[in-house]
Amino acid sequence: MNRYQELMVGDRKLVVHLPPSYDDSGRRFPVAYVQDGGELFAGCLNYLQHLHTSGQLEEIILVGIVPRSRHDEYTPWPAAALADGFPPFGGRGRAYVDEVADVLKPYIDSHYRTKSDAKDTAILGGSLGGLIAWFAGFWRPDAFGRIGMLSASFWYEGAVDFIKERDNAGNPVRMYMSVGEKEGIYKNNRQRHMVELTKEAHRLWLEKGMPVSRLKLDLEPEGTHDNLFMMRRFPEALKWLFGRKDEAVKASAMTDTGGVHLPGTRTWSFTSGLNGREYRILIAEPAGPPPEGGYPALYTLDANASFGSLTEAARLQSRGPHGIPPALIVGIGYHSDDPIVTKERFFDYTVYADDSELPQRPDASGWPQTGGAEAFLDVLEYELKPAVESAYAVDRSRQSFFGHSLGGFLVLYAMLTRPNAYRRYFAASPSIWWKNGLIFKLWEERSGALALPRSEIELHLSVGSLEKPHMVSDAYRLYALMTASGRGPKTISMNEVQGEGHVSLLPSLLSPMLRIVTR
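Reading the values: rules and limits
- Residues numbered from 1 in each chain as written.
- Predicted model: local features only at pLDDT ≥ 70, side-chain atom pairs only at ≥ 80, totals over all residues.
- Heavy atoms only, no water.
- Helix = DSSP H or I, 4+ residues; strand = E, 2+ residues; numbered from the N terminus.
- Rg over C-alpha atoms; globule rule 2.2 N^0.38 Å.
- Buried < 20%, exposed > 50% of the residue type's maximum accessible area, 1.4 Å probe, protein only.
- Contact = heavy atoms within 4.5 Å.
- Core = buried A, V, L, I, M, F, W, Y, C linked by side-chain atoms within 4.5 Å.
- Axes fitted to C-alpha atoms, helices over the stretch in contact; angles between N-to-C directions.
- Parallel < 35°, antiparallel > 145°, perpendicular 65-115°, else oblique.
- Left-handed = near helix turned anticlockwise from the far one by under 90°.
- Nonpolar A, V, L, I, M, F, W, Y, C, P; charged D, E, K, R; others polar.
- 1 Å grid on protein atoms, 1.4 Å probe; cavity = no way out; pocket = protein on both sides within 12 Å on 5 of 7 lines; lining within 4 Å.
- Points joined across faces, edges and corners; volume = space filled by probe spheres on them.
- Expected span 1.5 Å × (residues − 1).
- Bend = angle between axes of the 7 residues up to and from the residue.
- Pairing = 2+ DSSP bridges.
- Right-handed = clockwise from strand over helix to strand, strands pointing away.
- Lys, Arg positive; Asp, Glu negative; His and termini not counted.
- Salt bridge = Lys/Arg side-chain N within 4 Å of Asp/Glu carboxyl O.
- Polar contact = N/O pair within 3.5 Å; in protein donor to acceptor, adjacent residues only side chain to side chain.
- Arc of directions from axis to C-beta.

A.B. asks: In this structure, what is going on with the overall build of the protein chain? I would like to understand it.
C.D. replies: Assigned secondary structure in the protein chain consists of 15 helices and 16 strands. In terms of overall size, the protein chain behaves like a compact globule, its C-alpha atoms giving a radius of gyration of 26 Å where 519 residues would be expected to give roughly 24 Å. Overall size of the protein chain, expressed as C-alpha extent along the three principal axes, is 85 × 60 × 45 Å. Looking at the protein chain as a whole, 55% of its 519 residues qualify as buried. A separation of at least 24 residues holds for 75% of the contacts in the protein chain among residues at least 6 apart in sequence.

Set out below in structure tokens:
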């Protein structure tokens, strides 16, 4: 059978691409319906075959649907043209969606070996095709359970309001979104709001209960509204919507199968609706079932640098029969391959400081932008934690917060300003020097409020003996102030690790910390 076919169903032209093993197996396959005649997959079929063959993507039947009139069929209701000389939008999207669900889909299901359930059926598109893909999932959840929206036209008049006004955003199994951060920047019409409205739609769905484990937003930093970037994201959309195939990849020789994957981990792409910033959230799932009350949870900063080490330490030490109890590890990182993402963490982990309040940097360069700590802590408390708790059983009375260096400063700042956010605070090599020793000032100002009654929280300080002298002395000074006062945290510990510096300190802290987190 020809794997690439063109056919007519009534007066509708379809382009069908069958997966590599279709002819050689009797299996049934999920189906992805793609707007605009399948332009999004036509240019990447070899790469898709590589993803199938290497086991990165389940094999899928692709069906490209050729439109009669995009402005009519891909719009949910009539709207005026964007500019003089352009046709208005016809708003016949519901009829188009019903045709796909009630005519085209039954035809494909009856002529090909498909998995016909909604959970095995995706509909994807770019631009207006992405917009109508979401409406297909909303209007016809009986037919479409996986939705792909690549540079979707959320600028369309009334589209975001439609999402905002509905309590139920449909019932798709999974949804994927992408947008280029340069889309619409040269427009003088509603399209100039492309990026912000995409982020707004993403935020609304999260608020309406769509867990981040089933909703992903990818941003292309230099992406414009072109097929180039939509085609680039199409394979990523399929990987998110359908994931890896079940069969193991067989090889007769050594084969490069890509990067290392840490067992029991997941990655979420998360765009905050509070501060508008993007984060890579790394989750290490506990190996055992949750105890009564839920798992203890450790929220850890600088996940790009330390998540792998922390995860492997937890995985090894939680093995039975004498291992530590299972815990959920949530790493907050950034979309970067660098272990320390300097610009982003300087903003998120600090309160604003003027250059006059900071020492000169060793290379005499200027300080990055600062001042995002309050908003970032709001993101953790009001967006990330609820998302995690919607996906996992968490014991809110056993939540811990870990940070190193500037992350250690943020941990101390959070403890002094939001003492009830976590049960245990771990500050490693904390940058107590920030803003002329702001932490000391906050302690004097706020410790009285922490004393009545004496707080049940714990603070665990650590520092390496080979760090700069002021890093060591600042940590000991803070420890002495807190322990002598009889106020603040019920438990305060101070650990100076001999022979370790500012960075080498970290591996020595992980095992003791995990034992405390899980007790």
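Read on for the rest.
A.B. asks: Which parts of the structure should I look at to understand the nonpolar core?
C.D. replies: In terms of nonpolar packing, the biggest core is built from 62 residues, with Phe401 and Tyr425 touching the most fellow members. Residue contributions to this core peak at 9 residues, all from helix 12 (residues 406-417).

A.B. asks: Explanation requested: the packing of helix 4 (residues 93-111) against helix 5 (residues 128-139) in the structure shown.
C.D. replies: When two helices pack together, you describe them by how their axes are tilted relative to each other and by the distance separating the axes. One way to put it is that helix 4 packs onto helix 5 with a least axis distance of 10 Å and a crossing angle of 70°. Classified by the angle between their axes, helix 4 and helix 5 sit roughly perpendicular to one another. Crossing geometry of helix 4 relative to helix 5 is assigned as right-handed. Between helix 4 and helix 5, the residues in contact are Gly93, Arg94, Tyr96 and Val97 and Ile132, Ala136 and Trp139, respectively. Broken down by class, the residue content of the contact of helix 4 with helix 5 amounts to 5 nonpolar, 1 polar and 1 charged.

A.B. asks: It is not clear to me how empty space enclosed by the protein should be interpreted in this structure. Could you clarify?
C.D. replies: In this approach a probe as big as a water molecule rolls over the atoms, and the regions it shows empty are the leftover space. In this structure the tally under the stated criterion is 2 cavities of 30 Å³ or more. The volume enclosed by the largest cavity comes to roughly 50 Å³. Mapped by element, the contributors of at least two residues to the lining of the largest cavity are strand 7 (174-180) and helix 8 (227-242). Here the second largest cavity is characterised by a volume of approximately 40 Å³. Per-element accounting of the lining of the second largest cavity gives the leading share, 3 residues, to helix 11 (residues 373-391). Grouping the amino acids of the lining of the second largest cavity by side-chain chemistry returns 5 nonpolar, no polar and 2 charged.

A.B. asks: What should I look at first to understand helix 15 (residues 505-517) in this one?
C.D. replies: In an α-helix there are 3.6 residues to a turn, and that puts residues three or four apart on one side. The end-to-end C-alpha distance of helix 15 is 19 Å, a good match for the 18 Å that 13 residues give at a rise of 1.5 Å each. A bend of about 30° at serine 511 is the largest found in helix 15, and the proline proline 512 appears one to four places after it. Buried within helix 15 we find Leu505, Leu506, Leu509, Leu510, Met513, Leu514, Ile516 and Val517.

A.B. asks: Sorry if this is basic, but what is going on with the pairing of strand 8 (residues 215-220) here?
C.D. replies: Within a regular strand, side chains alternate between the sheet's two faces. Most of strand 8 is tucked away: 6 of the 6 residues are buried. Taking every second residue as pointing to the same face, both faces of strand 8 are buried, with Leu215, Leu217 and Leu219 on one and Lys216, Asp218 and Glu220 on the other. Relative to strand 8, strand 7 runs parallel, the two being bridged by 6 bridges. When the bridges of strand 8 are listed, valine 179 appears paired with leucine 219. As for the winding sense of the linkage, the β-α-β connection from strand 7 through helix 7 (residues 194-207) to strand 8 is right-handed.

A.B. asks: Explain the pairing of strand 1 (residues 4-9) to me, please; I cannot follow it from the model alone.
C.D. replies: Side-chain alternation along strand 1 places Gln5, Leu7 and Val9 on a buried face and Tyr4, Glu6 and Met8 on a face that remains uncovered. Relative to strand 2 (residues 12-17), strand 1 runs antiparallel, the two being bridged by 6 bridges. Counted as the bridge partner of valine 9 is arginine 12 from strand 2.

A.B. asks: What is the right way to read the side chain of arginine 146 from this model?
C.D. replies: Relative to the assigned elements, arginine 146 resides in strand 6 (residues 146-150). Summary of buried charges: arginine 146 has no salt-bridge partner, and the nearest side chain of opposite charge, aspartate 120, is 4.9 Å away. A polar contact of 2.3 Å, which involves the side chain of arginine 146, links it to the backbone oxygen of leucine 241. In contact with arginine 146, other than residues within four places in its own chain, are Ala118, Lys119, Asp120, Thr121, Ala122, Ile123, Val173, Arg174, Leu241 and Phe242.

A.B. asks: Can you walk me through helix 14 (residues 469-485) in this structure?
C.D. replies: Taking 1.5 Å per residue, 17 residues should reach 24 Å; helix 14 reaches 24 Å between its end C-alpha atoms and fits that length. For helix 14, the complete set of buried residues consists of Met471, Val472, Asp474, Ala475, Leu478 and Met482. In a view along the axis of helix 14, the buried residues occupy a sector of 165°, so they form one face of it. Relative to its buried face, helix 14 has exposed residues pointing more than 90 degrees away, namely Pro469 and Ala484. Once helix 14 ends, the next one or two residues include glycine 486, with phi positive near 70°.

A.B. asks: Please explain the sheet that holds strand 1 as it appears in this structure.
C.D. replies: Within a beta sheet, neighbouring strands are joined by backbone hydrogen bonds and run either parallel or antiparallel to one another. Sheet architecture is open: 8 strands sit in the order 1-2-4-3-5-6-7-8, paired in mixed fashion. Edge positions in the sheet fall to strand 1 and strand 8, since each of these pairs with one other strand and no more. Between one strand axis and the next, the sheet turns by 20° as a mean value, whatever way the strands run. Bridge analysis of strand 6 against strand 7 gives 5 bridges, and the strand direction is parallel. Within strand 7, the position partnered with isoleucine 147 by the bridge is methionine 175. The strands touched by helix 5 are strand 5 (121-126), strand 6 and strand 7; relative to strand 5, the strand with the most contacts, the crossing angle is about 150°. Those strands touched by helix 8 are strand 3 (31-34), strand 4 (61-65), strand 5, strand 6, strand 7 and strand 8, and its axis lies near 160° from that of strand 7.

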